[in-house]
Amino acid sequence: MKEPKLIIYIDGGSRGNPGHGACAAAIFGAGGRLLAEEGKYLGRCTNNFAEYNGLYLALYAARRLGAHSLEIFSDSELLVKQFACEYKIKDAVLRGLMEEIKKAASHFGKLTLSHVPRSKNIHADTLVNEILDNTARAGVALNKSVAMENAKKIRQPELF
């Protein structure tokens, strides 16, 4: 299915910092219809790493859906400002991941990444918490993708 314009809400989080982390994206068509929910259990990571991966996951999914234009919303002001090059990225791992994100972003004709308050990002936040809750219930040794797919048939591509 080709969707020329997508509206995407992303989130990432870790329980503990670092701790068990996950990222997610809620993807809507231009008319506001929910098209997909994407999620990924990340293992032990920092909150910032999880937020970055939420954006990377969204870009991967949007490309798969054939989008040309993206409006992406995140409750991480740090991620938004680092993506816009307003803040420096001190961590080498995050710097490398941002390079990959920028490369993936270059495939789109138009892309905006905007900050929203957490209260406006409930869908993506809920997805992240479902992944973490279900992974905790299933046990950390469980295959990463199985915990998510068993919980709520959310497509979980192998990105990493």
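Residues numbered from 1 in each chain as written. Predicted model: local features only at pLDDT ≥ 70, side-chain atom pairs only at ≥ 80, totals over all residues. Heavy atoms only, no water.

A.B. asks: For the packing of aromatic side chains, give the residues involved together with the corresponding values.
C.D. replies: Across all of its chains, the model carries two aromatic pairs by this definition. When the ring of Y9 is compared with that of F28, the centres are 6.1 Å apart and the planes differ by 85°; the resulting orientation is edge-to-face. Separated by 19 residues along the polypeptide, Y9 in strand β1 (residues 5-16) and F28 in strand β2 (residues 19-29) bring together distant segments of the chain. Owing to a relative accessible area of 16%, F28 belongs among the buried residues under this scheme. Taking the centre distance of 5.1 Å and the plane angle of 25° together, the rings of Y9 and F73 count as stacked. Here F73 lies in strand β4 (residues 69-74) and Y9 lies in strand β1, a separation of 64 residues in the sequence. On the accessibility criterion, F73 (15% relative accessible area) is buried. K102 extends its terminal NZ or CZ atom over the ring of F83, reaching a point 4.4 Å from the ring centre. (Phe/Tyr/Trp six-rings, centres within 6.5 Å; stacked < 30°, edge-to-face > 60°. Helix = DSSP H or I, 4+ residues; strand = E, 2+ residues; numbered from the N terminus. Buried < 20%, exposed > 50% of the residue type's maximum accessible area, 1.4 Å probe, protein only. Lys NZ or Arg CZ within 6 Å of the ring centre and 35° of its normal.)

A.B. asks: Kindly report on the sheet that holds β2, identifying the contributing residues and their values.
C.D. replies: If you walk across this open sheet you meet the five strands as β3-β2-β1-β4-β5, and the pairing is mixed. If you trace the sheet from one side to the other, it starts and ends with β3 (34-45) and β5 (110-115), each paired once. Strand after strand, the sheet turns through a mean of 20° between neighbouring axes, direction not considered. For β1 and β4, the ladder comprises six bridges, and the chain directions are parallel. Counterpart to Y9 in the pairing with β4 is F73. Across the sheet, helix α1 (residues 47-64) is in contact with β1, β2, β3, β4 and β5; its angle to β1 comes to roughly 150°. Contacts between helix α4 (residues 122-138) and the sheet are confined to β1, β2 and β3, with β2 contributing the most and set at about 140° to the helix. (Pairing = 2+ DSSP bridges. Axes fitted to C-alpha atoms, helices over the stretch in contact; angles between N-to-C directions. Contact = heavy atoms within 4.5 Å.)

Everything listed is a geometric property; what it means functionally is a separate question.
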